[in-house]
Amino acid sequence: SGGSAAGWIFLAICTVFTGGYGVAVRRTMKGYDARLSFGAISLLTAAILVGLSFFMGGKMPGRAPPWELPSGEILLLLLSAVAGISVGHVLYYRALHVLGAVTSNGVLLLAPVLSAVGAALILPAETGGVKERFGPAQWASGLVILAGCYLLLAARRGMEGAPD
């Protein structure tokens, strides 16, 4: 199915917020080291996110609160937090400073394609880890996105002056 209207609306709002986030970080953190930038923004958001986790964690039907997860799942979440959030955001902030918001966010369009490839390699179907697979049309779209990212970076490389 193509998804619900609410899902598409949520994605549109998320896209606007993500774009605004990239522009805001580039504008307000200009001149700061990427690690310091991420650290400052993380401190500003940590209390809210921890509070939401505890407030909402016990209110989801059929779900255990986050603090009751098995230790293996907590470890996996911690590892993903370090790799995906900490290291990923520091590199994203660095890309914002070097490439600008438009190019950095454009290349992030590769995330679903790379996630599908990574899941297929790391979580084989026989273990029950991968429940979602790309079909031929999605793989073809992934190749179009890859080509678009290449063109975006090539155009950026050919531009004169400061990043966008």
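All residue numbers refer to positions counted from 1 along the written sequence of the respective chain. Residues qualify for local features only when their pLDDT is at least 70, as the model is predicted, and side-chain atom pairs are given and counted only at 80 or more; totals for whole chains, interfaces and linings, by contrast, use all residues. Values reported for side chains reflect all heavy atoms of the structure, with hydrogen atoms and water molecules removed beforehand.

*Asks:* With reference to specific residues and values, describe the overall build of the chain.
*Replies:* In DSSP terms, a helix is any run of H or I states spanning at least four residues, a strand is any run of E spanning at least two, and both are numbered starting from the N terminus. The number of helices and strands found in the chain is six helices and zero strands. Each residue gets one of three labels from its accessible area relative to the maximum for its type: buried under 20%, exposed over 50%, partly exposed in between, using a 1.4 Å probe on protein chains only. Across the 164 residues in the chain, those meeting the buried criterion constitute 17%. In the chain, once contacts between residues fewer than 6 apart in sequence are set aside, the share between residues at least 24 apart is 65%. Working definition of accessibility: Shrake-Rupley area with a 1.4 Å probe, residue cover restricted to the visible protein chains. Counting every atom, the chain has about 11,800 Å² of accessible surface; 74% of that belongs to carbon and sulfur. Contact definition: two residues touch when any of their heavy atoms are within 4.5 Å.

*Asks:* For the nonpolar core, give the residues involved together with the corresponding values.
*Replies:* Residues grouped as a nonpolar core are buried Ala, Val, Leu, Ile, Met, Phe, Trp, Tyr and Cys residues, joined through side-chain atoms within 4.5 Å. With 10 residues, the main nonpolar core is built from Val-25, Met-29, Ala-34, Phe-38, Ile-41, Val-90, Tyr-92, Tyr-93, Leu-96 and Ala-101. Sorting the residues of this core by element identifies helix 2 (34–57) and helix 3 (71–99) as the ones contributing at least two each. Looking at this core element by element, the count peaks at four residues for helix 3. Beyond its immediate stretch of four places on either side in the chain, Val-90 contacts Ala-34, Arg-35 and Phe-38.

*Asks:* Account for the packing of helix 1 (residues 5–28) against helix 3, with residues named and values stated.
*Replies:* Note on geometry: axes are lines fitted to C-alpha atoms, helical ones only across the stretch in contact, with angles between N-to-C directions running from 0 to 180 degrees. One way to put it is that helix 1 packs onto helix 3 with a least axis distance of 9 Å and a crossing angle of 70°. Between helix 1 and helix 3, the angle falls in the class roughly perpendicular. Here helix 1 and helix 3 pass one another in a crossing that is right-handed. In this structure, helix 1 contributes Thr-18, Tyr-21, Gly-22, Val-25 and Arg-26 to the contact, and helix 3 contributes His-89, Tyr-92, Tyr-93, Leu-96 and His-97. Any residue outside Ala, Val, Leu, Ile, Met, Phe, Trp, Tyr, Cys, Pro, Asp, Glu, Lys and Arg is labelled polar, Gly included; the first ten of those are nonpolar and the last four are charged. Of the residues that constitute the contact of helix 1 with helix 3, the class distribution is five nonpolar, four polar and one charged. Note on terminology: angles under 35 degrees are roughly parallel, angles over 145 are roughly antiparallel, angles of 65 to 115 are roughly perpendicular, and the others are oblique. Helix crossings are classified by the rotation of the near helix relative to the far one: an anticlockwise turn of less than a right angle makes the crossing left-handed, while a clockwise turn makes it right-handed.

*Asks:* Residues and numbers for a nonpolar patch on the surface, please.
*Replies:* Together, Ile-9, Phe-10, Ile-13, Val-16 and Phe-17 make up a nonpolar patch on the protein surface, roughly 560 Å² of accessible area in all. Tracing the backbone through its elements, the reader meets Phe-10 in helix 1. Note on patches: the residues involved have over 30% relative accessible area and no salt bridge, like charges join within 9 Å, and the nonpolar side chains Val, Leu, Ile, Met, Phe, Trp and Tyr join within 5 Å. In the sections that follow, a salt bridge refers to a side-chain nitrogen of Lys or Arg positioned within 4 Å of a carboxyl oxygen of Asp or Glu.

*Asks:* Outline the packing of aromatic side chains, supporting the account with residue identities and numerical values.
*Replies:* For Phe, Tyr and Trp, rings pair up if their centres lie within 6.5 Å, where Trp contributes its six-membered ring, and each pair is then called stacked (planes under 30 degrees apart), edge-to-face (over 60) or tilted (otherwise). Counted by the stated rule, this structure contains four aromatic pairs. Ring centres of Tyr-92 and Tyr-93 lie 6.1 Å apart, and the angle between their planes is 55°; on these two criteria the pair is classed as tilted. Tyr-93 matches Tyr-92 in its accessibility class, with the two residues each being buried. One aromatic cluster is present, built from ring pairs that chain together Tyr-21, Phe-38, Tyr-92 and Tyr-93.

*Asks:* Kindly report on the pattern of salt bridges, identifying the contributing residues and their values.
*Replies:* Side chains that carry opposite charge are capable of pairing whenever their charged atoms lie near each other. Evaluated as defined, the whole model comprises one salt bridge. A salt bridge links Asp-33 to Arg-35; the shortest N-O distance between them is 2.9 Å.

*Asks:* Which residues make up the confidence of the model for the chain, and what values go with them?
*Replies:* Every residue is assigned a pLDDT by the predictor, reflecting its confidence on a scale from 0 to 100. Of all residues in the chain, 84% have pLDDT values of 70 or greater, and the mean over the chain is 80. Across the chain, the secondary-structure element scoring lowest on mean pLDDT is helix 5 (residues 111–122), at 79, and the one scoring highest is helix 6 (residues 136–158), at 88.

*Asks:* Now, about the environment of Thr-15: what can you tell me, with residues and values included?
*Replies:* Assignment of secondary structure puts Thr-15 in helix 1. Taking the relative accessible area as the measure of exposure, Thr-15 reaches 54% and is therefore exposed. Through-space distance from the C-alpha of Thr-15 to that of Asn-105 is 9.9 Å; in sequence the pair is 90 residues apart.

*Asks:* Quick one: what's the story with helix 1, residue by residue and with numbers?
*Replies:* Each helix should span, by expectation, one fewer than its residue count multiplied by 1.5 Å. With 24 residues, helix 1 should reach 34 Å at 1.5 Å per residue; the first-to-last C-alpha distance of 34 Å fits that figure. Within the span of helix 1, buried status applies to Gly-22, Val-25 and Arg-26.

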